[in-house]
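Read off the chains here:
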Amino acid sequence: MRVAAEAKEPARESALVSTEWLEKNLDAPKLRLVEVSVEPGQYERGHIPGAQNVVWHSDLVETVTRDIAGPEKFATLLRRLGIDRDTTIVLYGDNNNWFAAWGAWVLAQYGLVDNVKLLDGGRKKWEAEKRPLDTRTPEVKASTFQAAQPSAGLRARFADVLAVARKEREEQILDIRSPDEFSGKVIAPAGVQELAIRAGHIPGSVNVPWAKAVNPDGTIKSTAELKALYAAAGIDGSKPIITSCRIGERSSHSWFVLSRILGYPVRNYDGSWTEYGNAVGVPVVNLAGTVWGGK
Amino acid sequence: MALGLGIALGAQRVATEPGGTRLGLSLVLGALFGFVLQRARFCFFCLWRDFLDTRDPRGMLGILTALAAGLVGYALVLGAWMPDPSGTRLPPDAHIGPVGPVLVLAGLAFGAGMAVSGSCISAHLYRLGEGSPTAPFALLGTMLGFGLGFATWNPLYLASVSAAPVLWLPRHLGYAGALAAGLAALAGLAWLLHRLGRVPADTAAAGAPLTAIFVARWPTWIGGLAVGAIATASYLRVAPLGVTAEIGGRTRQAAAQFGLLPERLEGLDTFRGCATAVRDALLTPNGLFVGGLVLAALAAALAAGQFRPAWPSGAQAARGVIGGLLLGWGAMTGLGCSVGTLLSGIMAGAVSGWVFGLAMFGGATATLLAGRRLRLLP
């Protein structure tokens, strides 16, 4: 039995909660449930009872400096959510927990790691199992959360990936964009605003699209399947890994899977292709031959 | 009957697909909206023309009723979603747009388009269900107008829209203040209409309930109450009312395919409202809403004996296309039409809704008067 075998895996158990477990524990006093969805209005039109809303593009970022929320903003948010350092935080959202995982990456930089969990399957599974939704917003007692400067250990910077591209450093870059973005056929998925000057990928990076880590029902694949998936691309945890995408948000889903479930050493590169592909004087690989958009 | 059943079955079918609840609801709400529009003849232009020509204020009072009912409904929804409106955030996907000269221009063009083609986009959609000879041309013109809107968007955005403020009344007045101010403004307009208008002696017999609902024309205020209720339900469960997102989105897709679109539409996708994001799904909530609207209007027209298809005359076709062109350009540039920007916007407390509305009626009046003087419009 896969489920039974996985239930004994401490890493997986620490990182994920099942929909069944969550429904039983919705009223637990030290639990805070937070929705981080991509689509506006998703939370407002119905959320898991007791869940609070976090808007990814304004609550968790410093919009002007293109950075994660600074200590002051972060602490204000967590106080409003009633979260202390000993609170169990369950994150979930639409689109297979894409931005919920990004939220987990931001929380982890402020030292909230082991008590942060994703709802396995997110909104998709919760709704498919016909579990209840609520439109009322919970009112929670504010906490006194304090935040120091975020730790830099989970975040890769431009200089780090450039060192890997120039083979000056022994790290692996996992690019989780679509194969067409990776090869350089397109610069970005249709309809997105943030673009790079060039198409292609960072030399030495390998491509495993982020959604491959997820089953059709939205749950994260079994540990054995995940290991095999990444091993096929040469990633087995023996070397440090950097996850990258276009703006660093889809890649935090793979960061979560690799670091929290497989226990590999991983940093997320949130500058990603919009930073790297626009930089002057750096090497890129463009399999499609579309550099500069012309041939 | 068969059409109503068909819509219900269609909604049931769509809603059972994974993630299809919103699609099913959209179809049902669109059908309700189409039924109400047809029964109450809820047409912004004809109701305004009634007032201009005969001083009959009843239709315009019906529009004010819709706005008042929607204001109250939206206040309930918004208060639950965003208990404190004073921050920097706007309510999710509400039609609150930038207020500036481009919005006024869009409203004027839209109003002119209504006068030339005989009604606004939503009314052309329900008239399509009635077999109107003008409506197909007006809708074709609307698509062309959207294309023209895309072509002119970038310079307008850079010259003005990008710097125009997005004004949301509850942020400045609180929900209670915004509601009170909105209702007071509507009451003032109602008083003015009543003062200037002349209610004709009512000759219509009440009739049996079924006749009153399915055959006789509804008083516009009843339609208005229903529109307010449908708008609230729609915003709560699916999206604010709007009829141009699908038309605009599909036009954008087609124009992009033929290489007729500018490389980038600056800032367009950052606005809410009847946004024209390119659609990749076959069925979208707004597409089903519009489809339901047209089908239910057809069903209502059939039941009432008002389905009267006719061959279009050259004048009707020309007026449809030219008016539609103006309607489409105005709706694209104003980020919505008389339903999205005016109705949904005002209900949500957007200043853009009021500005668009005033410009729209101004444009319609000026065009109608000028067109009649030149003997171009009836």
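Residues numbered from 1 in each chain as written. Chains lettered and ligands numbered in written order. Predicted model: local features only at pLDDT ≥ 70, side-chain atom pairs only at ≥ 80, totals over all residues. Heavy atoms only, no water.

Caption draft 1: Geometry of a nonpolar patch on the surface. A cluster of nonpolar side chains, namely B:Leu140, B:Leu144, B:Leu148 and B:Leu325, defines an oily patch on the protein surface of about 340 Å² accessible area. Among the elements that take part in the nonpolar patch, helix H7 (residues 135-159) of chain B stands out by supplying 3 residues, more than any other. (Patch = residues over 30% accessible without salt bridge, like charges linked within 9 Å, V, L, I, M, F, W, Y side chains within 5 Å. Areas by Shrake-Rupley, 256 points an atom, 1.4 Å probe, with all protein chains shown as cover. Salt bridge = Lys/Arg side-chain N within 4 Å of Asp/Glu carboxyl O. Helix = DSSP H or I, 4+ residues; strand = E, 2+ residues; numbered from the N terminus.)

Caption draft 2: Representation of helix H13 (residues 314-333) of chain B within the structure. Residues and elements named next belong to chain B. Over its 20 residues, H13 runs 28 Å from end to end, which matches the ideal 28 Å to within 8%, given 1.5 Å per residue. Those residues of H13 lying buried are Ala317, Gly320, Gly323, Gly324, Leu327, Gly328, Trp329, Gly330, Ala331, Met332 and Thr333. Where H13 is buried, its residues touch helix H5 (101-117), helix H6 (121-130), H7 and helix H15 (351-373). Remark: Leu335 follows H13 within two positions and exhibits a positive phi of approximately 60 degrees. (Expected span 1.5 Å × (residues − 1). Buried < 20%, exposed > 50% of the residue type's maximum accessible area, 1.4 Å probe, protein only. Contact = heavy atoms within 4.5 Å.)

Caption draft 3: Just the interface of chain B and chain A, in detail. Across the boundary between the two partners, chain B contributes 14 residues, which contact 12 residues of chain A. Summing both partners gives a buried area of about 1100 Å² for chain B against chain A, and 39% of it is carried by carbon and sulfur. Considering only the surface of chain B that becomes buried against chain A, B:Trp81, B:Arg89 and B:Pro92 emerge as the three largest contributors, covering 40% of it. In this structure, the connection of chain B to chain A is made through 3 salt bridges. Across the pair B:Arg89 and A:Asp59 runs a salt bridge whose closest N-O atoms are separated by 2.6 Å. Examining the composition of the side of chain B that touches chain A, we find that 3 residues originate from one element, helix H10 (residues 220-237) of chain B, more than from any other. In terms of residue class, the side of chain B that touches chain A is made up of 8 nonpolar, no polar and 6 charged. (Buried area = accessible area lost by both parts, 1.4 Å probe. Nonpolar A, V, L, I, M, F, W, Y, C, P; charged D, E, K, R; others polar.)

Caption draft 4: Spotlight on the nonpolar core. Residues and elements named next belong to chain B. Ranked by internal contacts, the top residues of the largest apolar core, which has 86 residues, are Phe33, Phe44, Phe110, Met114, Ile121, Trp153 and Val243. Here this core takes 10 residues from helix H4 (residues 58-81), the largest share from any one element. Not counting residues up to four positions away in its chain, the partners in contact with Val243 are Phe33, Ile121, Ser122, Leu125, Asn286, Phe289, Val290, Leu293 and Cys337. (Core = buried A, V, L, I, M, F, W, Y, C linked by side-chain atoms within 4.5 Å.)

Caption draft 5: Structural view of unusual backbone geometry. Residue and element names in this part refer to chain A. With a phi close to 50 degrees, Asn95 is a non-glycine residue in the positive phi region. Mapped onto the elements, Asn95 comes out in helix H6 (residues 94-109). Phi at Ser272 takes a positive value of approximately 45 degrees, unusual for a residue other than glycine. Here Ser272 shows up in helix H12 (residues 272-276).

Caption draft 6: A look at the sheet that holds strand E1 (residues 16-17) of chain A. All names here are of chain A. Pairing is parallel across the open sheet formed by 5 strands, whose spatial order is E1-E7-E6-E2-E3. Looking at strand neighbours, the two that pair on one side only are E1 and strand E3 (52-53), the edges of this open sheet. Taken together, the 5 bridges between strand E2 (residues 31-35) and strand E6 (residues 88-92) define a ladder with parallel strand orientation. In the strand pairing of E6, Glu35 is matched with Tyr92. (Pairing = 2+ DSSP bridges.)

Caption draft 7: Inspection of the sheet that holds strand E10 (residues 241-244) of chain A at higher detail. Residue and element names in this part refer to chain A. As summarised here, the arrangement of the 4 strands in space is E9-E8-E10-E11, forming an open sheet in which the pairing is parallel. The outermost strands of the open sheet, each flanked by one partner alone, are strand E9 (206-207) and strand E11 (266-269). Direction of pairing for E10 relative to E11: parallel, over a ladder of 4 bridges. Directly across from Ile242, in E11, lies its bridge partner Arg267.

Any link to function would need more than the numbers given here.
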